[in-house]
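# What the coordinates show
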Amino acid sequence: MASLLKPHPLITPYKLGKFQLSHRVVLAPLTRQRSWNNVPQPHAILYYSQRTSKGGLLIAEATGVSDTAQGLKPIVDAVHAKGGIFFLRLGFQPNGQAPISCTDKPLTSNGIDVDQFSPPRRLTTDEIPQVVKDFRLAARNAIEAGFDGVEIHGAHGFLLDQFMKDQVNDRTDKYGGSLENRCRFALEVVEAVVDEIGADKVGIRLSPFAAYAEAGDSNPKALGLYMAESLNKYGLLYCHMVDECAHSLLPMRKAFNGTFLVAGGYDREDGNNAVAENRADLVAYGRWFLANPDLPKRFGLNAPLNKYNRETFYTPDPVVGYTDYPFLEDTELIINAFKYYYFSNL
């Protein structure tokens, strides 16, 4: 009986800087493609509100740094009304322009329909300071919209990740070649954002072991460790790393002085073990949180989980696969109704 009453490590409080979290289950930033002309719609209010718990941390999907905070404030207000802590992920997505990169090499056809992607345009050395300024402005816009902080997107083949990875970065200027040079751009963005809104409101997401959009690295462990150590200079609130293919993030966890988040296919047991073994402070969930809007509650009760449907991950429908996943109470009502019908007709 004592073991049943013992709290799950994931469902224990945690102090994230000035934020008091009631549990360690984080909503990961997810690309759901439900906005219109890059402006969030009312159904996004319901989506984030459904997944908010008092003292829970949510990280919103990537918002282009060249965008304003239009349409975001009602979502922030809904999350805050339920006691949630809300961070916005910042990624660079130039509006109506060719994608920019560290290179002008197009994607190969290695398992990818390259025809759907425009060839990238190589950023010139002189253009990079303006992109850094765009990140700074975006961070300010996020805080003015009411977000509690921002997460810089340095993962999954996005712009900063491309610069960091030697399998895509073929530059010969001060932003290419050595590990230090390849990480220079990302760290300049970190410094600018911290200077603008304060380190206590800034996190970053990194995926050193991943190779999304062919952005891989020949020595991902060295890359992750270098970034974790370098970030300490700026006093970031947290570092959010993705653990792909079961690679260990423990060296990065030990090197980084702030809060360490992990993500990458964790289930309930994996997350509890990561916290219990001090491999992470917080665990971010994407697919499971999408399919279970009350995921922290289900984890705490060892309740069954809704299965997610991959076919509806990226559809534009404002309801299906987005806000129509049932809560635990709804599931219990259905089960009880079935039991009543079944036993009353015996």
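Bear in mind that the values here come from a model prediction, so they are computed numbers and not experimental data.

## Notes on the environment of Thr323
- Take Thr323: it is sitting in the loop between α11 (295-301) and α12 (328-344).
- On the accessibility criterion, Thr323 (11% relative accessible area) is buried.
- A C-alpha to C-alpha distance of 9.7 Å links Thr323 and Arg51, two positions 272 residues apart in sequence.
- Setting aside residues no more than four positions away along its own chain, Thr323 makes contact with His43, Leu46, Tyr47, Gln50 and Pro318.

## Notes on helix α7 (residues 220-231)
- The end-to-end C-alpha separation of α7 is 16 Å, in line with the 16 Å expected for twelve residues at 1.5 Å each.
- Within α7, the full set of buried residues consists of Pro220, Leu223, Gly224, Met227, Ala228, Ser230 and Leu231.
- Among the structural elements, α5 (159-164), α6 (179-197), β9 (202-206), β10 (238-242) and α8 (250-255) are those in contact with the buried residues of α7.

## Here we look at the packing of helix α2 (residues 42-50) against helix α3 (residues 73-81)
- Two numbers describe how α2 lies on α3: the axes approach to 9 Å, and their chain directions differ by 25 degrees. One finds that α2 runs roughly parallel with respect to α3. You can see that α2 and α3 cross each other, and the crossing is right-handed. Within the contact between the two elements, α2 uses Ala44, Ile45, Tyr48 and Ser49 and α3 uses Pro74, Ile75, Ala78 and Val79.

## With respect to the nonpolar core
- In this structure, Phe185 and Leu231 are the most contacted members of the largest nonpolar core, which totals 82 residues.
- Top element by residues in this core is α6. It accounts for eleven residues.
- Residue contacts for Phe185: discarding those within four places in its chain leaves Leu123, Ile128, Val131, Val132, Leu159, Leu160, Phe163 and Tyr175.
- Grouped together as the second largest cluster of nonpolar side chains are 16 residues, Val26, Ala28, Ile85 and Leu261 included.

## Focus on the pattern of salt bridges
- One pass over the structure, following the stated rule, counts 16 salt bridges.
- The partner of Arg171 in a salt bridge is Asp173, and the shortest N-O contact between them spans 2.8 Å.
- Of the charged contacts in the structure, one is a salt bridge between Asp281 and Arg253, with a shortest N-O distance of 2.9 Å. Residue Asp281 is located in the loop between α9 (268-276) and β12 (282-285), and its partner Arg253 is located in helix α8; the two are separated by 28 residues in the primary sequence.
- You can call Arg253 buried: its relative accessible area is 10%.
- Here the residues in one salt-bridge network are Arg136, Arg140, Asp195 and Glu196, joined through shared partners.

## Comments concerning the packing of aromatic side chains
- Scanning all chains against the criterion turns up 13 aromatic pairs.
- Ring centres of Trp288 and Tyr308 lie 4.9 Å apart, and the angle between their planes is 70 degrees; this geometry places the pair in the edge-to-face category. In this pair, Trp288 is assigned in helix α10 (residues 287-291) and Tyr308 in the loop between α11 and α12, connecting sequence segments 20 residues apart.
- Feature note: the residues Tyr47, Tyr48, Phe86, Phe147 and Tyr322 constitute an aromatic cluster, connected by ring pairs.

## With respect to the packing of α6 against α7
- Relative to each other, α6 and α7 sit at 40 degrees, their axes nearing to 11 Å. Taken together, the axes of α6 and α7 are oblique relative to one another. Handedness of the α6/α7 crossing: right-handed. On α7, the residues that touch Leu179, Glu180, Cys183, Ala186, Leu187 and Val190 of α6 are Ala222, Leu223, Tyr226, Met227, Ser230 and Leu231.
- Per-class residue counts for the contact of α6 with α7 are ten nonpolar, one polar and one charged.

The rules behind these values
Residues numbered from 1 in each chain as written. Predicted model: local features only at pLDDT ≥ 70, side-chain atom pairs only at ≥ 80, totals over all residues. Heavy atoms only, no water. Helix = DSSP H or I, 4+ residues; strand = E, 2+ residues; numbered from the N terminus. Buried < 20%, exposed > 50% of the residue type's maximum accessible area, 1.4 Å probe, protein only. Contact = heavy atoms within 4.5 Å. Expected span 1.5 Å × (residues − 1). Axes fitted to C-alpha atoms, helices over the stretch in contact; angles between N-to-C directions. Parallel < 35°, antiparallel > 145°, perpendicular 65-115°, else oblique. Left-handed = near helix turned anticlockwise from the far one by under 90°. Core = buried A, V, L, I, M, F, W, Y, C linked by side-chain atoms within 4.5 Å. Salt bridge = Lys/Arg side-chain N within 4 Å of Asp/Glu carboxyl O. Phe/Tyr/Trp six-rings, centres within 6.5 Å; stacked < 30°, edge-to-face > 60°. Nonpolar A, V, L, I, M, F, W, Y, C, P; charged D, E, K, R; others polar.

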